[in-house]
Amino acid sequence: MKVTLHRHLATVSQKNFTHRHARKTVEISFEEYTHNKNEILGKIYRRLFWLACLATTFGLIELVVYIVRCHFRRPVLGVALKSVYLVYWGMSADDDSNESHGDAEVLRGPAAVQFTIDPKKTLQKSAFWDLWKSTEVAGSFSCTFHNKPPTLAEVTKHLNARGFHVVSSNTTKDVVEVFLYAHSQADDNLPFLAEFIFVYPRRYFQTTFKCASKDVAGEFVKQFQLHQLMDTDD
C-alpha cells in the first residue's frame, strides 16, 4: 500500500509541474525613448502633411476646371447654364404696345395654309449663332410636367421627326439645354430658332424662340407637339 501511494504522488507531481521562462526586462535610457517616440511621431506628421498637400492640390485643380468650363460655356440668352435655376421669363411684346406678360404667348396672325417644315434645309453652326444673336425674340412659354423627364436622346429624336434640326446641346445631371432650328417650305429667308431647357429636379420646361415673323413663329411652335414628350399641367 505504501509503495502504491508513493507512485501516485510522484505521478501527480509530474503532471502539475510547469516550467516557465523568466521574463526579460530591457532597460533603455530616457533619451533613447524620447528619440524613438519623436521619430515615430515625425513620420506620422509628415505623411499627414503630404496627404493634406495632395488633397489641396486636387481641390484647386477641380476648382480651376470648373471655373474654366463655366467661363467658356455658351450662355443662355445671357444667363450661364450654371444659373439656369434662376429661371427667366421671356417676353413677347406687340410692336405697337409696351405691354409685357409673365408667360408671353405668341402673337398669332391669320393661320398659314398648309404650313409645313422642310427638313432638307439646313444651317451651318456658325450661321445659327449669328442669327441667334441678331434675331429678336418672337415669344416664349414655360410649364411643369408630371411624367419622367425626357432624355437628350429622346428630345433630339422627337425634334428630328418633326423636321427640326438640333444644332447644339448642353447636358448635366439636372439640366438639359437644346438649341434647334427649322425652315418652312414656303420661305427660306425666315428661319425659326429655338431653345429648350429641361430642369429635371423641378420637372420644369422653358422654351424661347426667335423668328423675323411672329406669325410664322406661331406655326413653327404648333409643330413642337410637346404633348408627345411631356404630360403638362396646361
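The name recorded for the chain in an unreviewed UniProt entry is Beta-adaptin appendage C-terminal subdomain domain-containing protein, from Aphanomyces astaci.

**Q** Looking at this model, I keep getting lost on the sheet that holds strand 5 (residues 204-210). Mind explaining?
**A** For sheets, the rule is that strands pair by backbone hydrogen bonds, running either parallel or antiparallel. Ordered by their spatial adjacency, five strands build an open sheet running 1-5-4-3-2, and the pairing between neighbours is antiparallel. In this open sheet, the two edge strands, each paired with only one partner strand, are strand 1 (137-144) and strand 2 (165-171). Each strand axis lies, on average, 15° off the axis of its neighbour in the sheet, ignoring direction. Bridge count between strand 2 and strand 3 (residues 175-182): six bridges; the pairing is antiparallel. Looking at strand 3, one finds that T171 is bridged to V176. With respect to the sheet, helix 5 (residues 214-222) is in contact with strand 1, strand 3, strand 4 (192-199) and strand 5, its orientation differing from that of strand 1 by roughly 30°.

**Q** What should I look at first to understand the pattern of salt bridges in this one?
**A** Pairing between side chains of opposite charge can happen when the charged atoms of each approach one another. As enumerated under the stated definition, the model contains two salt bridges in all. A salt bridge links K121 to D118; the nearest nitrogen and oxygen atoms lie 3.9 Å apart. We classify D118 as buried; its relative accessible area is 10%. The partner of E219 in a salt bridge is K222, and the shortest N-O contact between them spans 3.4 Å. Placement of both E219 and K222 in helix 5 is noted, with a separation of three residues, approximately one turn of the helix. Residue classification places K222 among the partly exposed residues on the basis of a relative accessible area of 39%.

**Q** Quick question: what am I supposed to make of the environment of K125 here?
**A** Within the fold, K125 resides in helix 3 (residues 125-134). Counting along the chain gives 43 residues from K125 to S168, while the straight-line C-alpha distance between them is 8.2 Å. Other than its neighbours up to four places away in sequence, K125 contacts V167 and S168.

**Q** Just checking my understanding: could you explain a nonpolar patch on the surface for this structure?
**A** Together, I40, L41, I44, Y45, L48, L51, L54, F58, I61 and V65 give the surface a local cluster of nonpolar side chains, amounting to about 1000 Å² of exposed area. Note that I44 resides in helix 2 (residues 30-72). A residue is classified by how much of its surface remains accessible, and I44, at 43% relative accessible area, is partly exposed.

**Q** Got a minute to help me understand the packing of aromatic side chains in this structure?
**A** Two measures describe an aromatic ring pair: the distance that separates the ring centres and the angle between the ring planes. As enumerated under the stated definition, the model contains 20 aromatic pairs in all. Both rings, one in F115 and one in F220, keep their centres 4.9 Å apart while their planes meet at 85°; by these two values the pair is edge-to-face. Residue F115 is found in the loop between helix 2 and helix 3, and its partner F220 is found in helix 5; the two are separated by 105 residues along the sequence. Just as F115 is buried, F220 falls in that class too. The structure contains a cluster of three or more aromatic residues connected by ring pairs, namely F115, F141, F145, F164, F192, F196, F198, F205, F209, F220 and F224. In this arrangement the basic side chain of R202 is found over the ring face of Y204, its NZ or CZ atom lying 4.8 Å from the centre.

Procedures and definitions
Residues numbered from 1 in each chain as written. Predicted model: local features only at pLDDT ≥ 70, side-chain atom pairs only at ≥ 80, totals over all residues. Heavy atoms only, no water. Pairing = 2+ DSSP bridges. Helix = DSSP H or I, 4+ residues; strand = E, 2+ residues; numbered from the N terminus. Axes fitted to C-alpha atoms, helices over the stretch in contact; angles between N-to-C directions. Contact = heavy atoms within 4.5 Å. Salt bridge = Lys/Arg side-chain N within 4 Å of Asp/Glu carboxyl O. Buried < 20%, exposed > 50% of the residue type's maximum accessible area, 1.4 Å probe, protein only. Patch = residues over 30% accessible without salt bridge, like charges linked within 9 Å, V, L, I, M, F, W, Y side chains within 5 Å. Areas by Shrake-Rupley, 256 points an atom, 1.4 Å probe, with all protein chains shown as cover. Phe/Tyr/Trp six-rings, centres within 6.5 Å; stacked < 30°, edge-to-face > 60°. Lys NZ or Arg CZ within 6 Å of the ring centre and 35° of its normal.

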